[in-house]
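Each chain, written out:
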Amino acid sequence: MRLQGKRALVTGGSDGIGLAIAEAFAREGADLLIVGRDAGKLDTARETIAKAAENAAIETLSADLATSAGVDAVVGYVGQSSRPLDILVNNAGVAYLVPFETVSAEQFQHSFALNVTAAFFLTQQLLPHLSAGASVINISSYFASKMIPKRPSSLYSLSKGALNSLTKSLAFELGPRGIRVNAIAPGTIDTAMRRKSIVNLPQQAQDELKDYVERSYPLGRIGRPADVAGMAVHLASHEAAWTSGSIFAVDGGYTAG
Ligand SMILES: NC(=O)c1ccc[n+]([C@@H]2O[C@H](COP(=O)([O-])OP(=O)(O)OC[C@H]3O[C@@H](n4cnc5c(N)ncnc54)[C@H](OP(=O)(O)O)[C@@H]3O)[C@@H](O)[C@H]2O)c1
């Protein structure tokens, strides 16, 4: 098991990509702290992970990471334990795929609060609790650099671009402490977030999007949460001991074109 004895914090670990990462970490022997807002979803996730990895130690914490109080609550919780964190996955995120001219100040603030500010300050405030050799993994998106026709992404792309810059700058600043910082940029992954972002499109737009995706992905399908989890396990493990400051596309070849 590649993560035996390691302690991992996964934000947004109660659903979608974060849950798949948490499950994969548990199967590789890691002990987990998963954070999300909805306590019921966290309980369900704990049961799901426990089924996948019987001996996993799983802690859950309900906190809204789009608020500084939520970030403080997570840092306070981690600080209560003398056990350092070996892996931090900044995964919780929000995607407002709305036309540039309609982006509201609230959407802008919320997007940055969760996608950027939370990753920034959670990592900063957890530094005293990160072990030497710790791995920080930011979940970015292909939307940071590649757009889709008729999917207006100015706000989402901006926030994930900022997260990519943070990934690279922190790799430089934290490398001397032995901390590695990388990002994963998934392609379209079938999760609640993705479904939420298309459900209000007119049927024709949904059909066009489906056609576009099937034509555009060299591997012929969109991703599954587990497709991302494999890369996260690699980056968290000793296999990636000399890997830092990189943004890994996990997107079925989509951005190769
Ligand atoms: N799905 C895709 O196609 C795709 C593609 C590229 C990148 N990504 C990125 O991958 C990450 C995960 O996306 P996903 O599709 O797996 O999303 P998801 O299925 O909607 O899951 C989001 C997770 O984050 C938690 N969360 C949401 N807002 C939160 C908040 N304010 N504070 C704490 N936790 C919060 C949710 O739990 P609660 O709702 O209970 O808080 C849930 O556990 C995001 O950063 C997203 O931008 C997704």
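Right, let's walk through the structure included here. As a convention, each chain's residues are numbered from 1 in the sequence order in which they are written. Given that the model is predicted, a residue must reach a pLDDT of at least 70 before its local features are reported, and side-chain atom pairs must reach 80 or more before they are shown or counted; all residues, however, enter totals for whole chains, interfaces and linings. Only hydrogens and water are set aside; all other atoms, that is, all heavy atoms of the structure, feed into the side-chain values.

**Some points on helix α1 (residues 16–27)**
Each helix is a run of DSSP H or I of at least 4 residues and each strand a run of E of at least 2, with the numbering of both proceeding from the N terminus. Expected span, for any helix, means 1.5 Å times one less than how many residues it has. Taking 1.5 Å per residue, twelve residues should reach 16 Å; α1 reaches 17 Å between its end C-alpha atoms and fits that length. Most of α1 sits inside the fold, with eleven of its twelve residues counted as buried. Only protein chains enter the accessibility calculation, which uses a 1.4 Å probe; a residue is then buried when its area is under 20% of its type maximum, exposed when over 50%, and partly exposed in between. Those residues of α1 not exposed but buried are G16, I17, G18, L19, A20, I21, A22, E23, A24, F25 and A26. At the C-terminal side of α1, G29 shows a positive phi close to 100°.

**Here's the deal with the site of the ligand**
Near the ligand you find 29 residues, and of these S14, R37, N91, Y156 and T191 are the closest. Areas reported here follow the Shrake-Rupley algorithm with a probe of radius 1.4 Å; residue values treat only the protein chains shown as occluding. Relative to its free-state accessible area of 890 Å², the ligand is covered by the protein chains to the extent of 94%. Mapped onto the shell around the ligand, the elements with two or more residues apiece are α1, α5 (154–174) and α6 (192–199). Of the residues that constitute the shell around the ligand, the class distribution is twelve nonpolar, eleven polar and six charged. In these notes, residues near a molecule or strand are those with any non-hydrogen atom within 4 Å of it. Put simply, Ala, Val, Leu, Ile, Met, Phe, Trp, Tyr, Cys and Pro go in the nonpolar bin, Asp, Glu, Lys and Arg in the charged bin, and everything else, Gly too, in the polar bin.

**Some remarks on the pairing of strand β3 (residues 58–62)**
The pairing criterion is simple: DSSP has to find at least two bridges between the two strands. Bridge count between strand β2 (residues 31–36) and β3: five bridges; the pairing is parallel. Bridged to G36 within β3 is S62. Convention used here: a crossover is right-handed provided that the path from the first strand, over the helix, to the second strand proceeds clockwise when the strands point away from the viewer. Since β2 and β3 lie parallel, the crossover through helix α2 (residues 39–52) that links them has a hand, and here it is right-handed.

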